[in-house]
Amino acid sequence: MRDRADFERYVEQRSARLLRTAYLLCRDWGTAEDLVQTALAKAWFAWRRVGENPDPYVYRILANTHATWWRRRWKGEVPTETLPEEAGRDPAADLGTRDEVRSVLAALPARQRAVLVLRYFADLPDAEIAGVLGCSVATVRSQAARALAKLRVDPAARAALTSELK
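Because the structure is a prediction, the values reported are computed rather than measured.

## A few points about the pattern of salt bridges
Within this structure, the stated rule accounts for five salt bridges. Residue Asp6 is joined to Arg9 by a salt bridge in which the shortest nitrogen-to-oxygen separation is 3.4 Å. Residue Asp6 and its partner Arg9 are both found in helix H1 (residues 4-26); the two are separated by three residues, about one turn of the helix. With relative accessibility at 41%, the residue Arg9 sits in the partly exposed group. Arg141 is paired through a salt bridge with Asp126; the nearest N and O atoms lie 3.2 Å apart. On the criterion of sequence distance, the pair formed by Arg141 in helix H9 (residues 137-153) and Asp126 in helix H8 (residues 126-133) is long-range, its members being 15 residues apart. Asp126 gets classed as buried once you look at its relative accessible area, which sits at 15%. Several salt bridges share partner residues, and in doing so they unite Arg119, Asp126 and Arg141 into one network.

## Here we look at the packing of aromatic side chains
With the rule as written, the count across this model stands at four aromatic pairs. Centroid distance Tyr10 to Trp47: 5.4 Å. Interplanar angle 50°. Geometry classified as tilted. Here the residue Tyr10 occupies a position in helix H1, and Trp47 occupies one in helix H3 (residues 47-50), the gap between them amounting to 37 residues. The buried category is assigned to Tyr10, whose relative accessible area is 6%.

What counts, and where the lines are drawn
Per chain, the residues get numbers from 1 upward, laid out in the order the sequence is written. Predicted model: local features are reported for residues with pLDDT of at least 70 only, side-chain atom pairs are reported and counted for 80 or more only, and whole-chain, interface and lining totals are derived from all residues. Where side-chain values are given, they derive from all heavy atoms of the structure, hydrogens and water being excluded. Should a side-chain nitrogen of Lys or Arg be within 4 Å of a carboxyl oxygen of Asp or Glu, the pair is scored as a salt bridge. Numbering of helices and strands runs from the N terminus; a helix is a DSSP stretch of H or I covering at least four residues, while a strand is a stretch of E covering at least two. For the exposure calls, accessible area comes from a 1.4 Å probe over protein chains only, and a residue counts as buried if that area is under 20% of its type's maximum, exposed if over 50%, partly exposed in between. Pairing of aromatic rings covers Phe, Tyr and Trp, the last through its six-membered ring, and needs centres within 6.5 Å; plane angles under 30 degrees mean stacked, over 60 mean edge-to-face, and all others mean tilted.

Scope: geometric values only; no functional claims are made or implied.
See below:
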């Protein structure tokens, strides 16, 4: 039986990784933090039923919640004449990701981006990615192949990925 201490331990160990994954899905730190918080709140309600490996369950919540938010696109933000205070340093520098790689990922369709993020940044195997996204392993592989093919023929993507590997 899983308890509160187990959940807290999971959050301490995985929150940075979940935040990075959420950021790569939605490309905005504020939205990524909200997405992780929502996903963990949903996971808390089902924590006793999750099982020994909660990662697939939490990643699935993360991906599904992002898809729901993306479809709904809230229009409640209102522009103002005075800008708020500037935030400090960009947390992306701490994570080691580069603007070029993020923009290349942003150019991919949502499903292909999700597959690449879960495979290469979250280090999930294809079977877990399929479970998270609710599709077959063959679909995960075909989406990854299509995404990588797009990246291979895009000169900007090739330049960004080449400079990232150096």
